[in-house]
Each structure stands twice: as C-alpha cells, then as structure tokens.
Amino acid sequence: MQLNLMYRGRLASCNYDCSYCPFAKRRDTRATLLQDAADLTRFVEWAGQQAQHQLSILFTPWGEALTRRYYREALLTLAAMPQVQRVAIQTNLSVMPDWLVDAPPSKVSLWCTFHPDQTPSARFLARVARLTALQVPHSIGMVGIRAFFPAIADMRLALPATTYLWVNAYWDEGRDYYQAHEAAWLRQIDPWFEHNLSPPPSLGVACRAGESALSVDGAGNLRPCHFVNEPLGNLYQHDWAARLRTKPCPNPVCDCYIGYVHRHDQPFAAEFGWGALGRVPLYFRWQRPVGWVATAPQGHP
Ligand code: SF4
Ligand code: SF4
C-alpha cells in the first residue's frame, strides 16, 4: 500500500517570533520534549516494521522541529529505510542543513519558509545555497503580507529560477485583504497562488485524505487530515488499513496546501509528483513576466 502520513507531534516551540503565529517564541517544557522525542522514536520504529507498505512522510510541526537533534536524526533514519520513499518537513531553515550531508539522494526534502522580519535574507539564502549544493530538494515560501511584498520580490530575484517560491495568502485581516492588482502580482511570482487564495469549495469533493493519506499525532491517533476530526483509529493499535476509503470532504473550504494537495480534482499530484509532500514541483523555472516590476504594488492602483 502507498501511504502518505502527515505527522504532527506535541512539539510547539519555536525560536522565531512571527507576529502572525501563535507558536512564536513558545517554549515546551522538558517533559513535553521528552514525550515528543519518545513519540517520535515509536513512530520511527513503527515505520521500520512496515516493509509491506510504501511510505511518504511529511512532518508538519506546530513549531520549529529541526532545532531539535531528535527530529534531524529521525528524518535521516526514516530516509535510510527502503519502504520510505520520501520524507519531508516544514521548517524555518534557521538550522544550517549540513546535517543532511549523508542523507540518501533526493529522499529528504525541506519545505522552507522565509520570515523576513526574523532573519536577514543573506543568512537565509546561505542556507538555501547549502541545500542546493547538497542537492536536497526544497521549496521556499513566504506569507503574503503586504508589508512583505518588497522582500518577496527580492527573494524571487535572489533565488535560482529553478527554485519554486510559493506564497501563502494572508487571511488574518479578512478574505478581502488583497486588491486585484496585488493578487495578480503574487500570481506572477507563484503560479499556484490562486489555489491558495481562492480554492474551489471542497465540500463533497473526493480526496486522498482518509484514502491513501492520513494525519497522525504523537500518540498515533489517526484522522483523514489535519482539518477533519473524524477518528480513524490508532496507528499502533487498530486495523487502520481496513478503514481507508475514498470519502467526500466534509469541510466547505480547504485552503492550506497540506490539505488541498490531496484533492483528486487539483493538479498537484500530476504537477508536483514525488515532490508533492515537500511542495516541490517536478519541473519549475520562474520566468520574469514581461512588464513585471519588482517594485511591489501597494494599496490601490
Ligand atoms: S517560524 Fe513558523 S512556527 Fe516559528 S513563529 Fe514563525 S510561523 Fe510560527
Ligand atoms: S479537501 Fe482538505 S479538508 Fe477536505 S478531506 Fe481533503 S485534505 Fe481534508
């Protein structure tokens, strides 16, 4: 069986302080970190016993996990398993990726977010260059806050043309945050921005969540995805495989990539292929649109 697992453990601490994030500068207690590490060890051991499955695993921590050695070691251990096809993780890339030097080629990918008010772009780009030198598949992304538009333009121009820069729509100030010309400008940077900004209704659509993709927490509890609370048993206790089936989505909207990537009616399986979990398109080359101005639009045209 081909199975995609989205793992989200207890860890919720982060070394950054993003204004748009509830986990900014949050600290986990020592007891929480010990339990998180024990949970992760159990998950890795479970994966090691699944020779009958083909696993792709995406870590979607609440906070930043790669500052913890036990996450770095878990990714390398998983990547060495023949039944693990891919392993990916969301990260702020604050840790230099040298720990990946011995990772099996192309098995680990990093879904990196640049937070321009948390770290200098030169420091971030040095880490991206190291990822490129190590041939680690990666995508780079930013939150589409209006104040970040100049930094988004600078990042797009600084990255290699073959590196995908995604932009997540910013919703904290309402669904009508963007002027039409601002959304158009962002679409010129991220060709899939519209899927994030204005996804088609998801209620009733067929989705791989619950069919060949599952959300799993540190205790092994299973759900179709991070956004649907239907319990599907426990990875370590129940015959969860017998419960997998295609089901219509119960939510009216699915506007996060880690969700809508699984929709059957969306293009990501075809266009991202093996890179889908790490948000890495199969083929990407950014071409500066004719007339594109790096001076980001602000407010009304
Ligand atoms: S880096 Fe990510 S987890 Fe950390 S505060 Fe910023 S948005 Fe939150
Ligand atoms: S469309 Fe999104 S919210 Fe609905 S089941 Fe799929 S991943 Fe979950």
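Per chain, residue numbering runs from 1 following the sequence as it is written. Chains carry letters and ligands carry numbers; both start at the beginning, A for chains and 1 for ligands, and go up in the order they are written. In view of the model being predicted, local features appear only for residues whose pLDDT reaches at least 70, and side-chain atom pairs are presented and counted only at 80 or more, with totals across whole chains, interfaces and linings using the full set of residues. As a rule here, side-chain values come from all non-hydrogen atoms in the structure, and water together with hydrogens is ignored.

Under an unreviewed UniProt entry, the name given to the protein chain is Radical SAM protein, and the source organism is Chitinivorax tropicus.

Moving on, we get to the overall build of the protein chain. Runs of H or I in DSSP of at least four residues are treated as helices and runs of E of at least two as strands, each being numbered from the N terminus. Looking only at helices and strands, the protein chain features eight helices and 10 strands. At 19 Å, the protein chain has a C-alpha radius of gyration in line with the 19 Å of a compact globule built from 301 residues. Counting only C-alpha atoms and orienting by the principal axes, one finds that the protein chain spans roughly 60 × 45 × 35 Å. Buried, partly exposed and exposed residues are distinguished by accessible area as a fraction of the type maximum, computed with a 1.4 Å probe on protein chains only: under 20%, between the cut-offs, and over 50%, respectively. For the protein chain, buried positions account for 54% of its 301 residues. When contacts within the protein chain are restricted to residue pairs at least 6 apart in sequence, those whose partners lie at least 24 apart make up 71%. Total accessible area on the protein chain is roughly 13,400 Å²; 53% of this is exposed by carbon and sulfur atoms. Here the protein chain contributes 28 positively and 24 negatively charged side chains, and the mean placements of these two sets differ by 4 Å. We compute the radius of gyration from the C-alpha atoms alone; for a globule the expected value is 2.2 Å times N to the 0.38, where N is the number of residues. Only heavy atoms enter the contact rule, under which two residues are in contact if any of them lie within 4.5 Å. What sets the accessible areas is the Shrake-Rupley method with a 1.4 Å probe; for residues, cover comes only from the shown protein chains. Note that His is not counted, nor are the chain ends; the positive residues are Lys and Arg, and the negative ones are Asp and Glu. Note on charges: their place is set at NZ of Lys, CZ of Arg, CG of Asp or CD of Glu.

It is worth spelling out the packing of helix α1 (residues 30–48) against helix α2 (residues 69–79) at this point. Contact geometry for α1 and α2: axes closest at 10 Å, N-to-C directions at 0 degrees. Viewed along their axes, α1 and α2 adopt a mutual orientation that is roughly parallel. Along its contact with α1, which presents Leu-33, Asp-36, Ala-37, Leu-40, Phe-43, Val-44 and Ala-47, the element α2 presents Tyr-70, Tyr-71, Ala-74, Thr-77 and Leu-78. Asp, Glu, Lys and Arg are counted as charged, while Ala, Val, Leu, Ile, Met, Phe, Trp, Tyr, Cys and Pro are counted as nonpolar; the rest, among them Gly, fall into the polar class. Of the residues that constitute the contact of α1 with α2, the class distribution is 10 nonpolar, one polar and one charged. Note on geometry: axes are lines fitted to C-alpha atoms, helical ones only across the stretch in contact, with angles between N-to-C directions running from 0 to 180 degrees. Every angle not falling under 35 degrees, over 145, or within 65 to 115 is termed oblique; those three ranges are roughly parallel, roughly antiparallel and roughly perpendicular.

As a further point, take the pattern of salt bridges. A side-chain nitrogen of Lys or Arg and a carboxyl oxygen of Asp or Glu constitute a salt bridge if their distance falls within 4 Å. All chains considered together, the criterion is met by seven salt bridges. A salt bridge links Asp-39 to Arg-10; the shortest N-O distance between them is 2.4 Å. Of the two residues, Asp-39 sits in helix α1 while Arg-10 sits in the loop between β1 (2–8) and α1, which places them 29 residues apart along the sequence. The class for Asp-39 is buried, based on a relative accessible area of 6%. A salt bridge links Arg-263 to Asp-265; the nearest nitrogen and oxygen atoms lie 2.8 Å apart. Its relative accessible area of 2% is what places Arg-263 among the buried residues.

Below, the discussion takes up the pairing of strand β2 (residues 54–59). Most of β2 is tucked away, with five of its six residues classed as buried. When the strands point away from the viewer, a crossover counts as right-handed if the route from the first strand across the helix to the second turns clockwise. In this region the chain leaves β1, passes through α1 and returns to the parallel neighbour β2; the handedness of that crossover is right-handed. We treat two strands as partners when DSSP finds at least two bridges between them. Two elements, β2 and strand β3 (residues 84–91), share five bridges in a ladder whose sense is parallel. Bridging across to β3, Phe-59 finds its partner in Ile-89. Taken together, β2, α2 and β3 constitute a β-α-β crossover, and its handedness is right-handed.

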